[in-house]
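# Inside the fold
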Amino acid sequence: MIRERHLFGPGPSNPYPEATRALAEPLLGHLDPEFLRIMDETCDMLRTVWGTDNARTLPLSATGSAGMEAAFVNTVHPGDVVVVAVNGLFGQRMTDVAARCGAEVVAVEHDWGQPVDVDRVLSAHPSPAIIAAVHAETSTGVRSDIAALGAGKGDALLVTDAVTSIGGIELRADDWGVDIGYAGTQKCLGVAPGLAPFTINDRAFERRVETPRSWYLDLGMLGGYVGEAGVKGGQRTYHHTAPTAMVASLHGGLTRILEEGLEAVWTRHQAAGDALQAGLQEMGLELFAAEGSRLPELTTVNVPDGVDSAAVRKQLLDRHGIEIGAGAGAYAASVWRIGLMGRNARPDAVLLVLAALRDVLGRA
Ligand SMILES: *Cc1c(COP(=O)(O)O)cnc(C)c1O
């Protein structure tokens, strides 16, 4: 992530206090008809970026992980078999969440850096209630084939984590057979964290748990929020106070994406990722994610032998205002993760990252 003109600066030396103060201005009320219009438009635009007609498509008021929790807490009946494809940190998190919801979890483990092995996942159990997979594994920089899982899911419900894919790479929930999907706002949508764009189709909604163990994430109650039976403008019932500022932020981000054109946005991410990955390899660096499954929006690089991963990250930030991630889990010190999401997915950002890395690593 490149530090540009942000709402909050990097600390006490905040260079843009007037922008930070804007966040403390009075806001529209959460029941104001004008805000309800913004919410309805946001849900409509979310349908477009999800690639779905699902009436029940809305931003849940919590981060992407709560979307994950909502998916399982509403659909896992005690003892249900949930097959989870695990090829990174977020697949692992799914196994934890599903188990806490009472599932009998069948985890299909993969080497990190590899895409989901569809055949292995589909044959892991003869009749799972749910099959779950991460579309874009942010911990490893890998894309998996959700359409193939959807084609082979049989009677199971397909839960898909699209936190890092939504608004970045091709995502077609309905065409691919996704029954339940959750996402986040702070990755490729490029706006404030704190909401979980969520979608669930009728088939999954009908199979839901009558009284989920979570009150806040009970979709049966939230159903009233998007209108009776999801009908736009239908009856709204009070459930909780919508985080109006974050919804407005999401509305702004989605408007920007749809004005540019969703497919154009996907193409822009792909071009930026391709250019970054080619440049890194020209510099003699090795990529971590398996070739053919590399995400454009999140590139994983092996830290070269003898290089202090944390020191390089600190110099990139201090000298060049560029923040890259450490690796996840066992790869914390041996992999870097470079994000080109949303506004950062552009040619000048690629050049900047490559030049800065060359400088810090002392490579020609
Ligand atoms: C970031 C991320 C999450 C968690 O989202 P939060 O908003 O941090 O709760 C889940 N899955 C994937 C693939 C992610 O990248």
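Below or above, wherever it landed, is the structure these notes cover. (Residues numbered from 1 in each chain as written. Predicted model: local features only at pLDDT ≥ 70, side-chain atom pairs only at ≥ 80, totals over all residues. Heavy atoms only, no water.)

## With respect to the overall build of the chain
Tallying secondary structure elements over the chain gives 13 helices and 12 strands in all. A compact globule built from 364 residues should have a C-alpha radius of gyration of about 21 Å, and the chain, at 21 Å, falls within 12% of that. Each principal axis of the C-alpha distribution contributes one length, and for the chain these read about 60 × 55 × 35 Å. Counting contacts in the chain only where the partners sit at least 6 residues apart, residues at least 24 apart contribute 67% of the total. Of the accessible surface of the chain, which amounts to about 15,700 Å², a share of 53% is contributed by carbon and sulfur atoms. Averaging the coordinates of the 30 positive side-chain charges in the chain and doing the same for the 44 negative ones gives two points 5 Å apart. (Helix = DSSP H or I, 4+ residues; strand = E, 2+ residues; numbered from the N terminus. Rg over C-alpha atoms; globule rule 2.2 N^0.38 Å. Contact = heavy atoms within 4.5 Å. Areas by Shrake-Rupley, 256 points an atom, 1.4 Å probe, with all protein chains shown as cover. Lys, Arg positive; Asp, Glu negative; His and termini not counted. Charge placed at Lys NZ, Arg CZ, Asp CG, Glu CD.)

## Details of the packing of helix α10 (residues 244-260) against helix α11 (residues 262-282)
Running from amino to carboxyl end, α10 crosses α11 at an angle of 90 degrees, the nearest separation of the two axes being 5 Å. As the angle between them shows, α10 and α11 are arranged roughly perpendicular. Two secondary-structure elements touch here, α10 through Ile257, Leu258 and Glu260 and α11 through Leu262, Ala264, Val265 and Arg268. When its residues are assigned to classes, the contact of α10 with α11 shows five nonpolar, no polar and two charged. (Axes fitted to C-alpha atoms, helices over the stretch in contact; angles between N-to-C directions. Parallel < 35°, antiparallel > 145°, perpendicular 65-115°, else oblique. Nonpolar A, V, L, I, M, F, W, Y, C, P; charged D, E, K, R; others polar.)

## With respect to the sheet that holds strand β9 (residues 196-200)
In spatial order, the strands read β1-β9-β8-β7-β4-β2-β3; together these seven strands make up an open sheet with mixed pairing. Where the open sheet ends on each side, the last strands, each with one partner, are β1 (56-60) and β3 (104-109). Strand after strand, the sheet turns through a mean of 15 degrees between neighbouring axes, direction not considered. Pairing geometry for strand β2 (residues 81-86) and β3, over six bridges, is parallel. Across the sheet, the residue bridging to Val83 is Val106, located in β3. Sitting on the sheet, helix α4 (residues 89-100) touches β2, β3, β4 (130-134), β7 (157-161) and β8 (180-182), and the angle it makes with β2 is about 165 degrees. (Pairing = 2+ DSSP bridges.)

## Digging into the nonpolar core
In this structure, Phe72, Met94, Val159 and Phe198 are the most contacted members of the largest nonpolar core, which totals 72 residues. Dropping the residues within four chain positions of it, Val159 is found in contact with Ala71, Phe72, Met94, Ile130, Ile131, Ala132, Ala133, Ile180 and Tyr182. Ile2, Ala272, Trp336 and Ala349 belong to the second-largest nonpolar core, a separate cluster that totals 25 residues. (Core = buried A, V, L, I, M, F, W, Y, C linked by side-chain atoms within 4.5 Å. Buried < 20%, exposed > 50% of the residue type's maximum accessible area, 1.4 Å probe, protein only.)

## Some points on the site of the ligand
Taken together, 13 residues lie around the ligand, and Thr63, Ser65, Thr138, Asp161 and Lys187 are the ones closest in. One of the side-chain N or O atoms of Thr138 is found 2.3 Å from an oxygen atom in the ligand. Its free accessible area being 380 Å², the ligand has 89% of it covered by the protein chains. Taken together, the elements giving at least two residues each to the shell around the ligand come down to α3 (64-73) and α4. (Near = heavy atom within 4 Å. Polar contact = N/O pair within 3.5 Å; in protein donor to acceptor, adjacent residues only side chain to side chain.)

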